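Understanding the architecture of this molecule
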Protein chains: 2
Amino acid sequence: MIDPDGMTPVYRQVADLIAAQIERGQLPPNRPIPSETALMQDFGVARGTARRAVRELRDRGLVATVHGRGTYVLPR
Amino acid sequence: MIDPDGMTPVYRQVADLIAAQIERGQLPPNRPIPSETALMQDFGVARGTARRAVRELRDRGLVATVHGRGTYVLPR
DNA sequence: CTATATTTGTGCGTATGTATG
DNA sequence: ACATACATACGCACAAATATA
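Residues numbered from 1 in each chain as written. Chains lettered and ligands numbered in written order. Predicted model: local features only at pLDDT ≥ 70, side-chain atom pairs only at ≥ 80, totals over all residues. Heavy atoms only, no water.

A word on the protein's contact with DNA strand D
The full set close to DNA strand D counts 23 residues, and Val10 and Thr49 of chain A together with Val10, Thr49 and Arg52 of chain B are the nearest of them. Restricting the count to atoms of DNA strand D within 4 Å of the protein gives a sugar and phosphate share of 84%. Interatomic distance of 3.1 Å between a backbone N/O atom of Ala46 of chain A and a phosphate oxygen of DNA strand D. Within the contact set of DNA strand D, a phosphate oxygen lies 2.3 Å away from a side-chain nitrogen or oxygen of Thr49 of chain B. The set of elements that each furnish at least two residues to the surface near DNA strand D consists of helix H1 (10-23) and helix H3 (47-59) of chain A together with helix H1 (10-24) and helix H3 (47-59) of chain B. Residue composition of the surface near DNA strand D, by class: ten nonpolar, seven polar and six charged. (Near = heavy atom within 4 Å. Polar contact = N/O pair within 3.5 Å; in protein donor to acceptor, adjacent residues only side chain to side chain. Helix = DSSP H or I, 4+ residues; strand = E, 2+ residues; numbered from the N terminus. Nonpolar A, V, L, I, M, F, W, Y, C, P; charged D, E, K, R; others polar.)

The structure is reproduced here in structure tokens:
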């Protein structure tokens, strides 16, 4: 899944994988993506890396984060 | 009790102490272990650390957590 | 039924230390 | 020196589930 020694940073790899799941509809609009803790376990990355991946998705306009609730897939 | 500068992480020290109490029967089956807030005070750690210790115990199959209720010692 | 308190779940921000490229 | 990444740990805020007054 994740290639730690690849040319692209791990956080972007994680972001790309989640983005792909959103495109496929595996993560439907208005539904939450996995929590930071879940992402850590799912991809085997540190918290900082997971958070950075989510931030990437926010910057791309794919998701929106709500404090205390989670990060949700935006409708498109 | 807890050695913050020891080789073993604080969260595992806390988990081990609770596990020992379970083994001794001081924390009986089907009864709740102390809440996260209580663990913070008892061991002088942050909530994140207390939560991580509880998570360790879950991963070891010693306890089960119910949202809004607490974490209970599993029968064995 | 409403309100409050307790407890867990999630997220934000930051800090320290280590290791690698 | 710098960026990336891991691991640990602190503190705080808001949300959700549960129980109780």
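Let us keep going from here.
Topic: a positive patch on the surface
Residue and element names in this part refer to chain A. On the surface, Arg12, Arg52, Arg55 and Arg58 cluster together into a patch of positive charge. When residues in the positive patch are grouped by element, the largest group, three residues, is from H3. Structurally, Arg58 can be placed in helix H3. A relative accessible area of 35% means that Arg58 is categorised as partly exposed. (Patch = residues over 30% accessible without salt bridge, like charges linked within 9 Å, V, L, I, M, F, W, Y side chains within 5 Å. Areas by Shrake-Rupley, 256 points an atom, 1.4 Å probe, with all protein chains shown as cover. Salt bridge = Lys/Arg side-chain N within 4 Å of Asp/Glu carboxyl O. Lys, Arg positive; Asp, Glu negative; His and termini not counted. Charge placed at Lys NZ, Arg CZ, Asp CG, Glu CD. Buried < 20%, exposed > 50% of the residue type's maximum accessible area, 1.4 Å probe, protein only.)

Observations regarding the packing of aromatic side chains
The description of two aromatic rings rests on the distance between their centres and on the angle between their planes. If you walk through the whole model with that rule in mind, you get zero aromatic pairs over all chains. Of note, Arg52 of chain A hangs over the ring of Tyr11 of chain A, and the distance from its end group to the ring centre comes to 4.1 Å. (Phe/Tyr/Trp six-rings, centres within 6.5 Å; stacked < 30°, edge-to-face > 60°. Lys NZ or Arg CZ within 6 Å of the ring centre and 35° of its normal.)

Details of the packing of helix H2 (residues 36-43) of chain A against H3 of chain A
All names here are of chain A. Where H2 contacts H3, the axes come no closer than 9 Å and their chain directions differ by 110°. The orientation of H2 relative to H3 falls into the category roughly perpendicular. Where H2 crosses over H3, the two elements pack in a sense that is right-handed. Within the contact between the two elements, H2 uses Glu36, Leu39 and Met40 and H3 uses Arg47, Ala50, Arg51 and Val54. Its residues placed into classes, the contact of H2 with H3 shows four nonpolar, no polar and three charged. (Axes fitted to C-alpha atoms, helices over the stretch in contact; angles between N-to-C directions. Parallel < 35°, antiparallel > 145°, perpendicular 65-115°, else oblique. Left-handed = near helix turned anticlockwise from the far one by under 90°. Contact = heavy atoms within 4.5 Å.)

Interpretation note: all reported values are geometric properties and have no functional meaning in isolation.
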